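# Structural description and commentary
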Amino acid sequence: MSTQMFEGKGHAAVYQKYRFAPGKELQQIILSYLQEKKAIPAELVVDVGCGSGQGTLFLAKHFQKVVGTDISEAQIQEARDTASVPNISYLVCPAEELPFQDGSVDVLTSFTAVHWFDIGKFMREAQRVVKPGGCVAMSTYTVDMSLRYGHCSEQLTSIFRECWERILKYSHSRLKFVLENYKEIFEALPFPDKKRITDIYDKIPMTVESVIGYVESTSTYQTFTKNDPEAAKSLLKETEKRMLETMGVSSRETPVEFWVRHVCVLGCK
């Protein structure tokens, strides 16, 4: 069964507010692959582990019918409340028990979620529901993140990574799949035609506030909060203060470039 780390309403609200959609480079790689494999146009796309729907909204711009699924009722409620899009529907269900008929799904996607699933059971479920000639696209962003702002990009990145170092000891063991660039997930995919791309770089427009909010939304930080709430809150406050001082600004709304590296596993049945 999936590992459930994003259940609470408060966490889901932070997740919805600060998590970002797949970047433009990642989007283009996925769409190009699906075009190459003639999976576009597709009648039914299922986005598994959709969280509060950032990736699902991207898919809705390109496909006729998109269903987002997640095991967390709080996350699905956030997705439903955020945007009403006529070709999207949402379901609460485990990734390993998808309520779709055999061979009924054209494209199965999952953004920054597969590492939380029971990998073997999920891959068997993907094999069951994806139709012959259908495709999967599974991606995650990695811990290789950097910030750019004027002349102080290196200093900002250093401050951000120091914050990460403080909370790393609260990381869940399943983050090993991310640290290994989804190698085990790629190997587990039972499709004959598959590829793994490990160096996809995307610039995500953010503000100082949203960078701090992103950290707050992570499972690692949430675990830190449960263990030592005062220390966790103090870390975010101090990190934000150091970032603003380094940039020479006072507004949390100051834009910065947030660069992330994605890993993507693609396959065609």
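Use the structure listed above.
This report concerns the structure included in the present document. (Residues numbered from 1 in each chain as written. Predicted model: local features only at pLDDT ≥ 70, side-chain atom pairs only at ≥ 80, totals over all residues. Heavy atoms only, no water.)

### A few points about the nonpolar core
The biggest cluster of nonpolar side chains holds 32 residues, and the ones touching the most others in it are L108, F122 and M138. Those elements that place two or more of their residues in this core are β1 (45-48), β4 (105-111), α5 (119-129), β5 (130-148), α7 (176-179), α8 (183-188) and β7 (255-268). Core analysis: the next-biggest nonpolar cluster, separate from the first, contains 30 residues, F20, F160, M206 and V208 among them. (Core = buried A, V, L, I, M, F, W, Y, C linked by side-chain atoms within 4.5 Å. Buried < 20%, exposed > 50% of the residue type's maximum accessible area, 1.4 Å probe, protein only. Helix = DSSP H or I, 4+ residues; strand = E, 2+ residues; numbered from the N terminus.)

### Focus: the sheet that holds β5
Read from one edge of the open sheet, seven strands run β3-β2-β1-β4-β5-β7-β6, paired in mixed fashion. The open sheet has two edge strands with one neighbour each: β3 (88-92) and β6 (193-207). Shown here is a sheet whose adjacent strand axes are inclined to one another by a mean of 20°, direction ignored. Direction of pairing for β1 relative to strand β2 (residues 66-70): parallel, over a ladder of four bridges. Paired with V45 across the two strands is V66, which belongs to β2. Where helix α4 (residues 73-82) meets the sheet, its contacts fall on β2 and β3, and the angle it forms with β3 comes to roughly 165°. (Pairing = 2+ DSSP bridges. Axes fitted to C-alpha atoms, helices over the stretch in contact; angles between N-to-C directions. Contact = heavy atoms within 4.5 Å.)

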